[in-house]
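In case you want the letters, here they are:
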Amino acid sequence: MEAANILVSINETKKTAIVTLNRPKELNALSYDFLNELNVALHTLDKNDSVNCIILTGSTKAFAAGADIKALAEQSPIGIWKMDMYGLWQSLKQLKKPIIAAVAGFAIGGGCELAMICDMIIAAENAQFGQPEIKLGIMPGAGGTQRLPKLVGKNKAMEMVLTGNFISADEAYRIGLVNKVVPTEMLILEAETTANLIASQSTIAVQMAKESILKSFEMSLNDGLAFERRNYMACFDTPEQKEKMKAFLSK
Ligand code: CAA
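The following refers to the structure shown. Just so you know, these numbers come straight off a predicted model, no measurement behind them. Numbers given for residues are sequential positions, taken from 1 along each chain in its written order. At least 70 in pLDDT is required for a residue's local features to be given in this predicted model, at least 80 for side-chain atom pairs to be given and counted, and no such filter applies to totals for whole chains, interfaces and linings, which use all residues. Note that the side-chain values use all heavy atoms of the structure and ignore hydrogens as well as water.

On to the packing of helix α10 (residues 203–215) against helix α11 (residues 221–234), then. Only the stretch in contact is used when a helix axis is fitted, and all axes are lines through C-alpha atoms; the angle between N-to-C directions ranges over 0 to 180 degrees. We count a stretch as a helix when DSSP gives it H or I for four or more residues in a row; a strand needs E for two or more, and each element gets its number in order from the N terminus. Running from N to C, α10 and α11 point in directions that differ by 180°, and their axes come no closer than 10 Å. Here α11 runs roughly antiparallel to α10, going by the angle between their axes. Seen from α10, the contacting residues are Met208, Glu211, Ser212 and Lys215; seen from α11, they are Phe227, Glu228, Asn231 and Ala234. Gly is put with the polar residues, along with every residue not named as nonpolar or charged; the nonpolar set is Ala, Val, Leu, Ile, Met, Phe, Trp, Tyr, Cys and Pro, and the charged set is Asp, Glu, Lys and Arg. Tallied by class, the residues present in the contact of α10 with α11 amount to 3 nonpolar, 2 polar and 3 charged. In these notes the angle categories are as follows: under 35 degrees is roughly parallel, over 145 is roughly antiparallel, 65 to 115 is roughly perpendicular, and the rest is oblique. The contact rule is simple, with two residues in contact once any of their heavy atoms fall within 4.5 Å.

Between any two strands, pairing holds if DSSP finds at least two bridges. Taken in spatial order, the 6 strands of this open sheet run β1-β2-β3-β5-β7-β10, and their pairing is mixed. The two strands at the open ends of the sheet, each matched to only one other strand, are β1 (6–11) and β10 (180–182). Across this sheet, the average inter-strand angle for adjacent strands is 20°, counted without regard to direction. Its contacts with the sheet put helix α1 (residues 32–46) on β1, β2 (16–21), β3 (53–57) and β5 (99–103), and the angle it makes with β1 is roughly 15°.

Mapping Leu72 onto the fold places it in helix α2 (residues 69–72). A C-alpha to C-alpha distance of 9.0 Å links Leu72 and Ser31, two positions 41 residues apart in sequence. When sequence neighbours within four positions are dropped, the list of residues in contact with Leu72 reads Ala67, Ile80 and Met83.

Buried, partly exposed and exposed residues are distinguished by accessible area as a fraction of the type maximum, computed with a 1.4 Å probe on protein chains only: under 20%, between the cut-offs, and over 50%, respectively. Burial of β2 is extensive: 6 of the 6 residues sit out of reach of the surface. The pairing of β1 with β2 spans 6 bridges and is antiparallel. Bridging from a neighbouring strand, Ile10 pairs with Ala17 of β2. The antiparallel pairing of β1 with β2 creates a hairpin that spans 4 residues between the two strands, and Lys15 there sits at a positive phi of about 60°. Note that β2 and β3 share 5 bridges and pair parallel. Within β3, the position partnered with Val19 by the bridge is Leu56.

Our focus in this paragraph is the pattern of salt bridges. One side-chain nitrogen of Lys or Arg within 4 Å of one carboxyl oxygen of Asp or Glu is enough to make a salt bridge. Summed over all chains, the structure comprises 8 salt bridges. With a closest N to O distance of 3.0 Å, Glu218 and Lys93 form a salt bridge. A residue pair is termed long-range when its members are at least 10 positions apart, and Glu218 in the loop between α10 and α11 and Lys93 in helix α4 (residues 85–93) qualify at 125 residues. The exposure class assigned to Lys93 is partly exposed, which follows from its relative accessible area of 32%. Glu190 is the salt-bridge partner of Lys180, the closest N and O atoms lying 3.1 Å from each other. With Lys180 in strand β10 and Glu190 in helix α9 (residues 187–199), the pair connects residues that are 10 residues apart, well separated along the chain. Lys180 sits in the partly exposed class, given a relative accessible area of 31%. On the basis of relative accessible area, Glu190 is assigned to the partly exposed category, the value being 22%. Ionic contacts of the salt-bridge type, sharing partners, join the residues Lys156, Glu159, Glu171 and Arg174 into one network.

Here helix α5 (residues 110–117) lies mainly inside the structure; 8 of its 8 residues are buried. Residues of α5 that are buried include every one of Gly110, Gly111, Cys112, Glu113, Leu114, Ala115, Met116 and Ile117, and no others.

Aromatic rings from Phe, Tyr and Trp, taking only the six-membered ring of Trp, are treated as a pair when their centres fall within 6.5 Å; an angle between ring planes under 30 degrees marks them as stacked, one over 60 as edge-to-face, and anything in between as tilted. One pass over the full model with this rule turns up 2 aromatic pairs. When the centroid spacing of 6.1 Å and the interplanar angle of 65° are considered together, the rings of Phe106 and Phe166 count as edge-to-face. Of this pair, Phe106 sits in strand β6 (residues 106–108) while Phe166 sits in the loop between α7 (154–163) and β9 (167–168), and the two are 60 residues apart along the sequence. For Phe166, a relative accessible area of 34% translates into the label partly exposed. When the centroid spacing of 5.2 Å and the interplanar angle of 75° are considered together, the rings of Tyr232 and Phe236 count as edge-to-face. Residue classification places Phe236 among the partly exposed positions, given a relative accessible area of 35%. Its end group placed over the ring of Phe34, Arg23 keeps NZ or CZ at 5.7 Å from the ring centre. Placement of a positive charge over a ring is assigned whenever Lys NZ or Arg CZ falls within 6 Å of the ring centre and within 35 degrees of the normal to the ring plane.

Structure follows, in structure tokens:
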């Protein structure tokens, strides 16, 4: 029997899930079907009340080596438009629960863009990041020219996108692309430690905080502050707010 391309394992006690990209022969290259399967898996977990935080990972060799070049080589602009990968990328943006990318090996092209759609990136020492599309005569098409400069600044994003060169995990940490770098064998354990902590907080507060931080990339400061205020106020309608504040005051 053929192995599933997306593996999902749920820890109901900790309220976390690990989603593993499992297309090893192609280094997790993101074909339409594969990205679609990932979308379905993540949206299913987003609706599952026994999961509060998700870890997305690949293999030790590759988180994901980008869009599937075999499927792109003979494409036309209209073909790409009809394929509507963009719809799948946009759909990933709608996920409410926090996602931690646990990246080992290559996270390049669409793979780097996928890691950047996640809410945090924990990198193994062997991780490599890059936007090599320029070497294929194209440019990033899933957020590489938009999210990367917001994370690492204009000049470093220009260097990565215009040269196509990869950077190491340590450099990715130095420039603010990843949250931390850990020994490769510790990657999942580290991601789980962070995920467990997030998953133990108020579900609504976590999701509202995620939503508010993401809005900061799309709104003016004043609109963003108004949005934040509404989400902040909504947290006062949760049992967790009542319980946690009461517990603090009575300890
Ligand atoms: N698409 C399809 N197949 C891919 C792939 C991709 N993006 N990346 C790797 N593979 C396949 C290879 O063709 C190879 O298959 P075979 O064994 O059948 O020959 C297999 O995965 C292993 O790859 P390599 O032998 O090349 O492994 P390596 O360790 O020597 O090199 C690598 C690894 C540096 C990641 C190299 O595979 C590579 O450069 N891959 C292409 C990366 C790339 O250019 N990505 C950008 C794609 S465009 C994009 O992502 C657009 C966007 O913004 C959405």
